[in-house]
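These are the residues of each chain, in order.
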Amino acid sequence: MNNLNDNDSLMKLEQSLLPRLAPVFSRIDGVSRSNTARVLDIFRRHQVSDYHFRGSTGYGYGDAGRDKLDAIWAEICGTEKALVRTHFVSGTHALATVLFGLLRPGDELLSVTGAPYDTMQTVIGHPKPTPGSLTEFGITYKELPMGKEGGVDYQGLAAALSSKTRVALIQRSRGYSLRKPLSIADISEVCCKIKELQPECICFVDNCYGEFVETLAPTAVGADIMAGSLIKNPGGGIAPCGGYVAGRTDLVEAAACRLTAPGIGSELGASLIDNRLLFQGLFLAPHVVAQALKGAVFAAGLFAELGYHTLPSYDEPRSDIIQAVELGSPEKMIAFCRGLQRHSPVDSHVTPEPSGMPGYADAVIMAAGAFIQGSSIELSADGPLRPPFIVYLQGGLTFEHAAIGITGALRDMLNS
Ligand SMILES: *Cc1c(COP(=O)(O)O)cnc(C)c1O
């Protein structure tokens, strides 16, 4: 593959690649069809109507749309209760709300999937102390590194769990790391093992980037509770902000008491926005996730052709929408992200710069020319500037844009 930085050769490469991706795309379409059918069925059974789309004011007493959305989301997740709220500032906030809702001084939190996502390290207060963190509240924290094969270290798990372990944190997605995401089958296995060893331990899944990638949710296969962001997969690119928590009623209610106040829980909270955006986003989510997955598969195929290491490879099973590409130098990371930004529908004229971000230890570069600020179900690329200089690519509301953006950014990188 020489002279790839001209348009023609890249076009040819793309044309030769697409037929090879077809079987993978077809599997993705199958999952999307099945998830869409289930979401549709649940919308119909719950008799979603126009009046559910109205917002509410003040305390938000009797907000029928909010309650309906919670009920629908719980059923989609195969669980008892859900809290779908624009009052969650982000995924981190939803996850932190669960942790602060469930853990009490003297309890232990065990991360069974190695170091958690950067912003969760700040919430926990490990490895660096953070004001207001769980550690500051007298909650102890243990971390079980991933096993040698890339999965959960089951031997280590038996030794790490104790009667003090109130919550086991299971991160589904790779986050900003090269570990593998956990599949739904993996999550089921780890929850089963935890319950066998410590039946009282709560299995809590960080489900960010995993929604609708497979047909079942973690809470349908043994997780007690999970949380995620609405400006990732389940918002379908339409939800303007927010997050969700779903799981066992008592646990979700404990998180709700932390989001609002003890005694208020999930019963109050005005929907300040048009609820339609959350309903419609949820309805579109299986399809949009499929678009994003096809974009990720396309990127994996394209970069592999050029000799870059990609995780996963184009034909590997996926459990999140993240595509990691090892670019090997900060210059390439910056050039690729700038290229992706240039091929965005919003803020295409803006030049991303690496910089410090609240909750992140290293400088991060982010390309996101999104309709919703920071939305990573829209085509976006980011990563902390640290060796081996991996760019994490995700999202794409349409496969067409994902392909145009990725090819364009690659061309810019090769020309830089
Ligand atoms: C995105 C993400 C979060 C939360 O991030 P926010 O930007 O606060 O929504 C947490 N964990 C993982 C694995 C994530 O991918």
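See the structure above.
Here the structure is a predicted model, which is why all the values come from computation and not from measurement.

## Structural notes on the side chain of Gln 171
Piece 1. Residue position: Gln 171 is located in strand S4 (residues 165–171).
Piece 2. Residue Gln 171 is classed as buried on the basis of its relative accessible area of 4%.
Piece 3. Setting aside its immediate chain neighbours within four residues, Gln 171 contacts Thr 113, Pro 116, Tyr 117, Arg 179, Leu 182 and Asp 206.

## Focus: helix H3 (residues 91–102)
Piece 1. Taking 1.5 Å of rise per residue, the 12 residues of H3 would be expected to cover 16 Å, and the 17 Å separating its terminal C-alpha atoms lies within 8% of that figure.
Piece 2. By the criterion of burial, H3 is predominantly enclosed, with 9 of the 12 residues buried.
Piece 3. Among the residues making up H3, those that are buried are Gly 91, Ala 94, Leu 95, Ala 96, Thr 97, Val 98, Leu 99, Gly 101 and Leu 102.
Piece 4. For H3, the capping residue at the N-terminal end is Ser 90, with a side-chain oxygen 3.4 Å from the backbone nitrogen of Thr 92.

## Here we look at the layout of surface pockets
Piece 1. Approximately 360 Å³ is the volume attributed to the second largest pocket.
Piece 2. In this structure, the second largest pocket is lined by 20 residues; those nearest its centre are Lys 180, Pro 181, Leu 182, Ser 183 and Asp 186.
Piece 3. Top element by residues in the lining of the second largest pocket is helix H6 (residues 184–197). It accounts for 3 residues.
Piece 4. When the residues that make up the lining of the second largest pocket are grouped by side-chain class, the tally is 8 nonpolar, 4 polar and 8 charged.

## Describing the packing of helix H1 (residues 7–45) against helix H10 (residues 399–415)
Piece 1. H10 packs onto H1 with a crossing angle of 140 degrees between their chain directions and a minimal axis gap of 12 Å. Here H10 runs oblique to H1, going by the angle between their axes. H1 and H10 meet at a crossing whose hand is right-handed. Residues Asn 7, Leu 10, Glu 14, Leu 18 and Phe 25 of H1 lie in contact with H10, whose contacting residues are Phe 399, Ala 403, Thr 407, Leu 410 and Arg 411.
Piece 2. Its residues assigned to classes, the contact of H1 with H10 comprises 6 nonpolar, 2 polar and 2 charged.

## Observations regarding the packing of helix H9 (residues 330–342) against H10
Piece 1. Here H9 crosses H10 at 135 degrees, and the two axes come no closer than 7 Å. Relative to H10, the element H9 is oriented oblique. Our pair here, H9 against H10, has a crossing hand that is right-handed. Of H10, the residues touching H9 (which contributes Lys 332, Ala 335, Phe 336, Gly 339, Leu 340 and Arg 342) are Gly 405, Ile 406, Ala 409, Leu 410, Asp 412 and Met 413.
Piece 2. Per-class residue counts for the contact of H9 with H10 are 7 nonpolar, 2 polar and 3 charged.

## Description of the pattern of salt bridges
Two side chains bearing opposite charge may form a pair once their charged atoms approach each other closely.
Piece 1. Tallied over the entire structure, the rule returns 18 salt bridges.
Piece 2. Overlapping salt bridges, with partners in common, bring together Lys 195, Asp 224, Arg 248 and Asp 250 in one network.

## A few points about the nonpolar core
Piece 1. Formed by 126 residues in total, the largest nonpolar core has its most connected members in Trp 73, Ile 194, Val 245 and Phe 336.
Piece 2. Excluding residues that lie within four positions of it along the chain, Phe 336 makes contacts with Phe 303, Leu 327, Ala 381, Val 391, Leu 393, Ile 406, Ala 409, Leu 410 and Met 413.

## Some words on the site of the ligand
Piece 1. As a structural note, the neighbourhood of the ligand is formed by Ser 90, Gly 91, Thr 92, Leu 95, Tyr 117, Gln 171, Asp 206, Cys 208, Tyr 209, Ser 229 and Lys 232.
Piece 2. Here an oxygen atom of the ligand sits 3.1 Å away from a polar atom, N or O, in the side chain of Ser 90.
Piece 3. Contact distances for the ligand include 2.5 Å between an oxygen atom and a side-chain N or O atom of Thr 92.
Piece 4. In isolation the ligand offers 380 Å² of accessible surface; the protein chains occlude 89% of this area.
Piece 5. Looking at which element gives the most residues to the shell around the ligand, the answer is H3, with 3 residues.
Piece 6. Of the residues that constitute the shell around the ligand, the class distribution is 4 nonpolar, 5 polar and 2 charged.

## Brief notes about the sheet that holds strand S6 (residues 225–229)
Piece 1. Strand order in this open sheet of 7 strands is S1-S7-S6-S5-S4-S2-S3, and the pairing throughout is mixed. Because the sheet does not close on itself, it has two edges, and the strands there are strand S1 (81–85) and strand S3 (140–143). With direction set aside, neighbouring strand axes in the sheet form an average angle of 15 degrees.
Piece 2. Note that S1 and strand S7 (residues 243–247) share 5 bridges and pair antiparallel. Paired with Lys 81 across the strands is Gly 247, a residue of S7.
Piece 3. H6 contacts S4 and strand S5 (202–206) of the sheet and is inclined by roughly 155 degrees relative to S5.
Piece 4. Lying on the sheet, helix H7 (residues 249–259) is in contact with S1, S5, S6 and S7; it crosses S1 at an angle near 25 degrees.

## Remarks on the environment of Leu 278
Piece 1. For Leu 278, the location among the structural elements is in helix H8 (residues 276–305).
Piece 2. Judged by its relative accessible area of 7%, Leu 278 is buried.
Piece 3. Through-space distance from the C-alpha of Leu 278 to that of Leu 69 is 8.0 Å; in sequence the pair is 209 residues apart.

## Some details on empty space enclosed by the protein
Taking a probe equal in size to a water molecule and rolling it over the atoms shows the remaining empty space.
Piece 1. In the structure shown here, the tally under the stated rule is 4 cavities of 30 Å³ or more.
Piece 2. Taken as a whole, the largest cavity spans an internal volume of roughly 100 Å³.
Piece 3. Those elements giving two or more residues to the lining of the largest cavity turn out to be H1 and helix H2 (64–76).
Piece 4. The class makeup of the residues in the lining of the largest cavity is 8 nonpolar, 4 polar and 4 charged.

So, how was this worked out
- Residues numbered from 1 in each chain as written.
- Predicted model: local features only at pLDDT ≥ 70, side-chain atom pairs only at ≥ 80, totals over all residues.
- Heavy atoms only, no water.
- Helix = DSSP H or I, 4+ residues; strand = E, 2+ residues; numbered from the N terminus.
- Buried < 20%, exposed > 50% of the residue type's maximum accessible area, 1.4 Å probe, protein only.
- Contact = heavy atoms within 4.5 Å.
- Expected span 1.5 Å × (residues − 1).
- Polar contact = N/O pair within 3.5 Å; in protein donor to acceptor, adjacent residues only side chain to side chain.
- 1 Å grid on protein atoms, 1.4 Å probe; cavity = no way out; pocket = protein on both sides within 12 Å on 5 of 7 lines; lining within 4 Å.
- Points joined across faces, edges and corners; volume = space filled by probe spheres on them.
- Nonpolar A, V, L, I, M, F, W, Y, C, P; charged D, E, K, R; others polar.
- Axes fitted to C-alpha atoms, helices over the stretch in contact; angles between N-to-C directions.
- Parallel < 35°, antiparallel > 145°, perpendicular 65-115°, else oblique.
- Left-handed = near helix turned anticlockwise from the far one by under 90°.
- Salt bridge = Lys/Arg side-chain N within 4 Å of Asp/Glu carboxyl O.
- Core = buried A, V, L, I, M, F, W, Y, C linked by side-chain atoms within 4.5 Å.
- Near = heavy atom within 4 Å.
- Areas by Shrake-Rupley, 256 points an atom, 1.4 Å probe, with all protein chains shown as cover.
- Pairing = 2+ DSSP bridges.

In short, geometric facts, not functional conclusions.
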